[in-house]
Amino acid sequence: MTVDDVVLAASGDTAAFERVYSAHVPRVHGLARRMAGPEAADELTPDVFVRVWQKLGTFRGESSFGTWLHRLAVNVIVERFRTLAVKRERFLADSEPVLEVTAAPVRARPDLAMDLDAAIAELPDGARTIFVLHDVEGYRHEEIATMLGISSGTSKSQLHRARQTLRALLTQKRTAV
């Protein structure tokens, strides 16, 4: 993929867009997997590239295309979180609790080693999102706060919670093996 491919794709050249897609799909899928989990990543990745196709004409070249694409991907993923949160709130508001649901106990499987990706996947949604944005992708708390519509203090506390949870998960797995 070249810079020319981005220009050609922006003018409607589908072959050029396919080259752009092929060059960037692994990175976008990895980001979606880390932020939303493996199941959601398969659905979010094409959504990101649909948005790329729609917004490609707005790319002005002030930053690298990869940076622009990454920011757009984060926005699509965060937008999905917001949509799901609204749906969840509507569902909870419209229904009466019928059953008290408790989490099933996690069975230790010493034959499987827990890696960081698996531990990240176990984090609560908010903590996982902020952990990935801050510690994996390198965003500052102020940027995360703006993206997610929260305060930077909330971002900091969620990151702290995520790190503590990860530490506990990894320690628990290490002692179980």
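The text that follows walks through the structure, step by step, so that each part is easy to find. (Residues numbered from 1 in each chain as written. Predicted model: local features only at pLDDT ≥ 70, side-chain atom pairs only at ≥ 80, totals over all residues. Heavy atoms only, no water.)

Regarding the overall build of the protein
The condition is simple: Secondary structure counts use DSSP, requiring at least four H or I residues in a row for a helix and at least two E residues in a row for a strand, with both numbered from the N terminus. To sort residues, take the accessible area from a 1.4 Å probe on protein chains only and compare it with the maximum for the residue type: under 20% means buried, over 50% means exposed, and anything in between is partly exposed. The method behind every accessible area is Shrake-Rupley, applied with a 1.4 Å probe, and residues are considered shielded solely by the protein chains displayed.
Broken down by element type, the protein carries 8 helices and 0 strands. Starting at the N terminus, the α and β elements of the protein follow one another as α-α-α-α-α-α-α-α. By residue count, 33% of the 177 residues in the protein fall in the buried class. On the protein, roughly 11200 Å² of surface is accessible, and the fraction owed to carbon and sulfur atoms is 54%.

Side note on the environment of Thr154
Put simply, the test is: In protein, a polar contact means a hydrogen-donor-capable atom and an acceptor-capable atom, both N or O and within 3.5 Å, with residues adjacent in sequence counting only if both atoms are side-chain atoms; elsewhere, any N or O pair within 3.5 Å suffices.
Structurally, the position occupied by Thr154 is in helix 8 (residues 152-176). Sequence separation between Thr154 and His141 is 13 residues; the distance between their C-alpha atoms is 8.9 Å. Polar side-chain contacts of Thr154 include one of 2.9 Å to the side chain of Ser151.

Quick look at the nonpolar core
Using the following cut-off: Nine residue types can take part in a nonpolar core, namely buried Ala, Val, Leu, Ile, Met, Phe, Trp, Tyr and Cys, and a core is a set of them joined through side-chain atoms within 4.5 Å.
Membership of the largest hydrophobic core comes to 44 residues, with the highest contact counts inside it found for Met35, Val52 and Phe65. Elements represented by at least two residues in this core include exactly helix 1 (3-10), helix 2 (14-36), helix 3 (38-55), helix 4 (65-94), helix 5 (116-121), helix 6 (125-136), helix 7 (141-148) and helix 8. With 10 residues, helix 4 is the single largest residue contributor to this core.

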